[in-house]
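Descriptive analysis of the structure
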Amino acid sequence: MYINSTGFYVPAERVPNSHFLPINGLDDEWIVKRTGIHTRSKCAPGEDSNTMGLAAIENALPSLPYDIKDVDLIVSACYSPYDTVATLAHVAQQRYGIDDAKAVYASSACSSFVNGLEIIEGYFAMGKATRALLICSEHNSYYANEADPKCGHLWGDAAVAFFISAEPAAEGEPQIKTVYTRGLGNISKGPEGVILRPKECGIAMPDGRDVFIHACKYMVQALHGVTAPNGLAPETLDYIICHQANKRIVAQVAHQLELSEDHFLNNIDELGNTGSASAALVFAQNRALFKPGQNIGLAVFGGGYSCGAFLVTI
């Protein structure tokens, strides 16, 4: 699979750590030490996961080497949709008049983007699609309970869009070499590790330590899962992008791989945890940094639990 174009949207507002002291009792020093977050992005009134997703598509269009109407598969992948019936995939299809595309929605917590990639890979393999649009937009602040001292201070909002084709659409396009996903609902806290129940508690993380332990373990495993089939190892990658849940998780993954944190690209310090959009968002934000021949590994871990990774060769 080939990446034809990428786009992203991040709301302008930044919520500082000082916002949370009178709400949940956590000060700036504590939040930075435990999470690495200084500010987080937040939707303005009138913005939502649909508006962000469409803005991310608009950001990608100037570099798209074909007409968006040539897309024959649209996948919306996230866990915080504006509407669970009329999904962002359907909204995008209507907005751009993409008459002949399939439109589907996929969710696997913070692994959703990678699961969306695997769905596209499957459609391509079956010959049922050749050009796809993958949109991932997370409106975490809509569901977050800021008074929750366990996770109310973590969440940011953002969207990312990838146009992907089965064959190259232009010279020099990055190639997605391998996609790896795994459901982990059978381990430890599993489905109770991270929850989103709008009428009960919003987004909640009852046991952050359990999430931390398994995120560190299984993101490393996922990186091995995408590098080994290509004769590589995580340690040989030029850059690694982890799900932006917690800066300490990234540091632990670096420690396990005996790598400098310079190998890792992050945006969590400014944007907070932008959910399943986060790793792909970091990739899209840093496109100009990557050089031909470099290998980039992206690894994610989702509540529920689940993990995933994909390898991109520039």
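This report concerns the structure included in the present document. Everything numeric in this text was worked out from a predicted model, so none of it was measured. Per chain, the residues get numbers from 1 upward, laid out in the order the sequence is written. Residue-level local features of this predicted model are given only where pLDDT is at least 70; pairs of side-chain atoms are given and counted only at 80 or more, and the full residue set underlies all totals for whole chains, interfaces and linings. No hydrogens and no water enter the side-chain calculation; it runs on all heavy atoms of the structure.

1. Observations regarding the overall build of the chain
Strands here mean DSSP runs of E at least two residues long; helices mean DSSP runs of H or I at least four residues long; both are numbered from the N terminus. Assigned secondary structure in the chain consists of ten helices and 13 strands. Rg of the C-alpha trace for the chain: 18 Å, near the compact-globule value of 20 Å for 314 residues, within the 12% margin. Each principal axis of the C-alpha distribution contributes one length, and for the chain these read about 50 × 45 × 35 Å. To sort residues, take the accessible area from a 1.4 Å probe on protein chains only and compare it with the maximum for the residue type: under 20% means buried, over 50% means exposed, and anything in between is partly exposed. In the chain, which comprises 314 residues, the share counted as buried stands at 56%. Throughout, a residue-residue contact means that at least one pair of heavy atoms, one from each residue, lies within 4.5 Å. Here the contacts in the chain between residues at least 6 apart in sequence split such that 77% fall between residues at least 24 apart. Charge counting follows a simple rule: Lys and Arg are positive, Asp and Glu are negative, and His as well as the terminal groups are ignored. To locate a charge, the coordinates of NZ of Lys, CZ of Arg, CG of Asp or CD of Glu are taken. When the 22 positive and 33 negative side-chain charges of the chain are each reduced to one mean point, those points stand 5 Å apart. Within these notes, the globule rule equals 2.2 Å times the number of residues to the 0.38 power, and the radius of gyration is based on C-alpha atoms.

2. Regarding the pattern of salt bridges
In the sections that follow, a salt bridge refers to a side-chain nitrogen of Lys or Arg positioned within 4 Å of a carboxyl oxygen of Asp or Glu. In the structure shown here, the tally under the stated rule is four salt bridges. Between Arg197 and Glu192 there is a salt bridge whose closest N-O contact spans 3.2 Å.

3. Observations concerning helix 4 (residues 88–96)
Listing the buried residues of helix 4 in full gives Leu88, Ala89, Ala92, Gln93 and Tyr96. Buried residues of helix 4, viewed axially, fall in a sector of 140°; they line one side. Helix 4 presents Gln94 and Arg95 as exposed residues on the side facing more than 90 degrees away from its buried surface. Against the buried residues of helix 4 lie helix 3 (49–60), strand 4 (73–77), strand 5 (102–106) and strand 6 (131–139). Here the arc refers to the set of directions running from the helix axis out to each C-beta atom.

4. Thoughts on the environment of Tyr239
With respect to the element layout, Tyr239 can be found in strand 11 (residues 239–242). Once residues lying within four places of it in the same chain are set aside, the contact partners of Tyr239 are Asp262, His263, Leu265, Leu289, Phe290, Gln294, Asn295, Ile296 and Gly297.

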